[in-house]
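Structural overview
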Amino acid sequence: MQWEDLLSLRRQGDTNKRLRIEQDETRLGFEVDYDRVIFSSAFRSLQDKTQVIPLSKTSFVHTRLTHSLEVSVVGRSLGRTIGRSILEKHPHLQTIHGHHFNDFGAIVAAAALAHDIGNPPFGHSGEKAIGDYFANGNGKRFKEQLSKKEYQDLVDYEGNANGFRILTESKNGVDGGLRLSFATLGAFMKYPKESLPKKPTKDICDKKFGVFQTDSRFFSEVALELGLLKRGNADALSYNRHPLAFLVEAADDICYTIIDFEDGINLGLIEEEFALEYLIKLVKGSINTEKYGALTMASDRLAYLRSLAINVLIAEAASIFIENEEAILKGTFSEALLDKSSFKAQIDDIIKISVEKVYRSTEVIDKEIAGYHILATLLDAYTTAFENFSNGNQRHYDKLILTSFGSVVSENVSVYKFLMECCSYVSMMTDGNALLHFQKIKGNL
């Protein structure tokens, strides 16, 4: 892969090439990407979507929106750090093409801002609830009407693939979704492959998938423009990652490792003094003992250690990327950056505590169970209404259900298309909105 291709400013529908050297520095294309994400309705909905605690009444617990903002800040720092090194190593990117080190930060920040934009209500359990509806619930009735890849899209419903759809889908007269630069879309695509073949490997690209069948054609166009390397056999839609996707992933890993841990402490799920010990182990090489000793409040000590930990891991991830840049460009680097970190043992210890004390807490589990029932009920109502409409057996109740859809219900639409419409509609709901629709369907006004 070549950086001059990977930093493409092209947008969906462009007929002429966009050159970096001709960009207006006050309105740089990569920065426009950030603006378009932050002003989108899909991004705003993240303010009421779960990061750790579903339907939390506690104001200081992170939502998907605050988490995404923090990931974008970390991502920007990572991008700028490696950008400076890349321009030193490949000076033609600046002298001939006009790139600045801030370009890398802007791309990673925009992609990181959007990284959770496709997640359904109730966190990752929301993805599993949608998949379970089609694998084991009433949605299984559609299996014989779908291709293997279409059905796999549903039973392994994936927020990353839904995010790509939201960012790029032409809808309601708006062509190309948010029309982000191809460089930002590439950095967003952590898993640049379709749902089948499903062959788990140690390569990080195979952990999940990142494109639904509805979007595969444009996905291929983006990959071709960026010069992403093909993986697997010729027929498989599978590519190596855009190098900057590793930084988006690292920014996310840093934030959920440290900040979910902090949420657990603030919620009283993790003992403060116990937690501080774990953070000290991570930052002991850079801690100012005199400054730390002067902090009398546990909350201030926590904030100081959290800030140090994030800075330490940013420097670590950037260093690992720079050391492995050649392998990343060749597509032979196959793991998350922080998996190669010298702090991996400390990171794993913190994540283990978060899993035991936070992610598996009674409050989280109880609300995830409720989320399964809520999403299955919504999907059943919407898919049945679409099914009856398509079969000419529409009831008045089905008409009422379909009036709530934001998009026009078309005749002769394929089964796969209307199922994806239903999933997309449910995924765009906030936690609170999903609960409200559930209560309405159940007749609890």
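Residues numbered from 1 in each chain as written. Predicted model: local features only at pLDDT ≥ 70, side-chain atom pairs only at ≥ 80, totals over all residues. Heavy atoms only, no water.

What about helix 18 (residues 362-390)?
For clarity, the threshold we go by: Working definition: helices are DSSP H or I runs of at least four residues, strands are E runs of at least two. Numbering for both runs from the N terminus. Each residue after the first adds 1.5 Å to the expected span of a helix.
Across its 29 residues, helix 18 extends 42 Å between first and last C-alpha, which sits within 8% of the 42 Å expected from 1.5 Å per residue. Immediately beyond the C-terminal end of helix 18, within one or two residues, lies Gly392, with a positive phi of roughly 75°.

Focus on the pattern of salt bridges
Put simply, the rule is: In what follows, salt bridge is the name for a side-chain nitrogen of Lys or Arg lying within 4 Å of a carboxyl oxygen of Asp or Glu. For the exposure calls, accessible area comes from a 1.4 Å probe over protein chains only, and a residue counts as buried if that area is under 20% of its type's maximum, exposed if over 50%, partly exposed in between.
In the structure shown here, the tally under the stated rule is 25 salt bridges. A salt bridge links Lys340 to Glu335, with the shortest nitrogen-to-oxygen separation between them at 3.9 Å. According to the relative accessible area criterion, Glu335 is partly exposed, its value standing at 30%. Salt bridges sharing partners connect three or more residues here, namely Arg10, Glu221 and Glu225.

Regarding the layout of surface pockets
Inclusion rule: The definitions used throughout rest on a 1 Å grid laid over the protein atoms alone, on which a cavity is an enclosed set of points accommodating a 1.4 Å probe that cannot get out and a pocket is an open set flanked by protein within 12 Å on both sides along at least five of seven lines; lining residues are those having an atom within 4 Å of a point. Grid points are joined across faces, edges and corners, and a volume is the space filled by probe spheres set on the points. The residue classification treats Ala, Val, Leu, Ile, Met, Phe, Trp, Tyr, Cys and Pro as nonpolar and Asp, Glu, Lys and Arg as charged. All others, Gly included, are polar.
Put simply, the largest pocket is a space of about 970 Å³. If you go around the largest pocket, you meet 39 residues; those closest to its centre are His124, Lys207, Lys208, Tyr256 and Tyr359. Elements represented by at least two residues in the lining of the largest pocket include exactly helix 4 (64-89), helix 7 (124-135), helix 12 (243-266), helix 17 (344-359) and helix 18. Classifying every residue of the lining of the largest pocket by side-chain character gives 12 nonpolar, 10 polar and 17 charged.

Some details on the environment of Arg217
Of note, Arg217 is situated in helix 11 (residues 216-226). Put simply, Arg217 and Leu237 are 20 residues apart on the chain and 9.7 Å apart in space, counted from C-alpha to C-alpha.

Observations concerning unusual backbone geometry
The linkage connecting Leu196 with the following residue, Pro197, adopts the cis geometry, with an omega of 0°. With respect to the secondary-structure elements, Pro197 resides in the loop between helix 10 (182-188) and helix 11. Unlike most non-glycine residues, Arg179 shows phi in positive territory, near 50°. Positionally, Arg179 belongs in the loop between helix 9 (159-168) and helix 10. A relative accessible area of 25% means that Arg179 is categorised as partly exposed.

Concerning empty space enclosed by the protein
This structure, assessed with the given rule, holds one cavity of 30 Å³ or more. Of the volumes computed, that of the largest cavity is approximately 40 Å³. Lining the largest cavity are Met1, Asp203, Cys205, Asn240, Arg241, Phe246, Ile328, Gly331 and Phe333. Grouping the constituent residues of the lining of the largest cavity by class yields five nonpolar, two polar and two charged.

Comments concerning the nonpolar core
In plain terms, the rule: Throughout, nonpolar core names a set of buried Ala, Val, Leu, Ile, Met, Phe, Trp, Tyr and Cys residues whose side chains join them through atoms within 4.5 Å. Whether two residues are in contact is decided by their heavy atoms: any pair within 4.5 Å suffices.
Counting residues in hydrophobic clusters, the biggest one holds 94 residues, and the most contacted among them are Trp3, Leu78, Leu244, Phe261, Phe321 and Leu337. For this core, the element with the most residues is helix 15 (residues 298-323), which contributes 13 residues. In this view, Leu78 contacts Leu247, Ala250, Ala251, Ile314, Ala317 and Ala318; residues no more than four positions away in its chain are not counted. Counting 37 residues, the second largest nonpolar core, distinct from the first, contains Tyr157, Tyr382, Phe405 and Leu419.

Things to note about helix 21 (residues 431-441)
Condition: Working note: the arc is built from the helix axis to C-beta atom directions.
Taken together, the buried positions of helix 21 are Asp431, Ala434, His437 and Phe438. Down the axis, helix 21 shows its buried residues gathered within 130° of arc, on one side only. Of the surrounding elements, those touching the buried residues of helix 21 are helix 18 and helix 20 (415-427). Count one or two residues on from helix 21 and you reach Gly443, which has phi positive near 80°.

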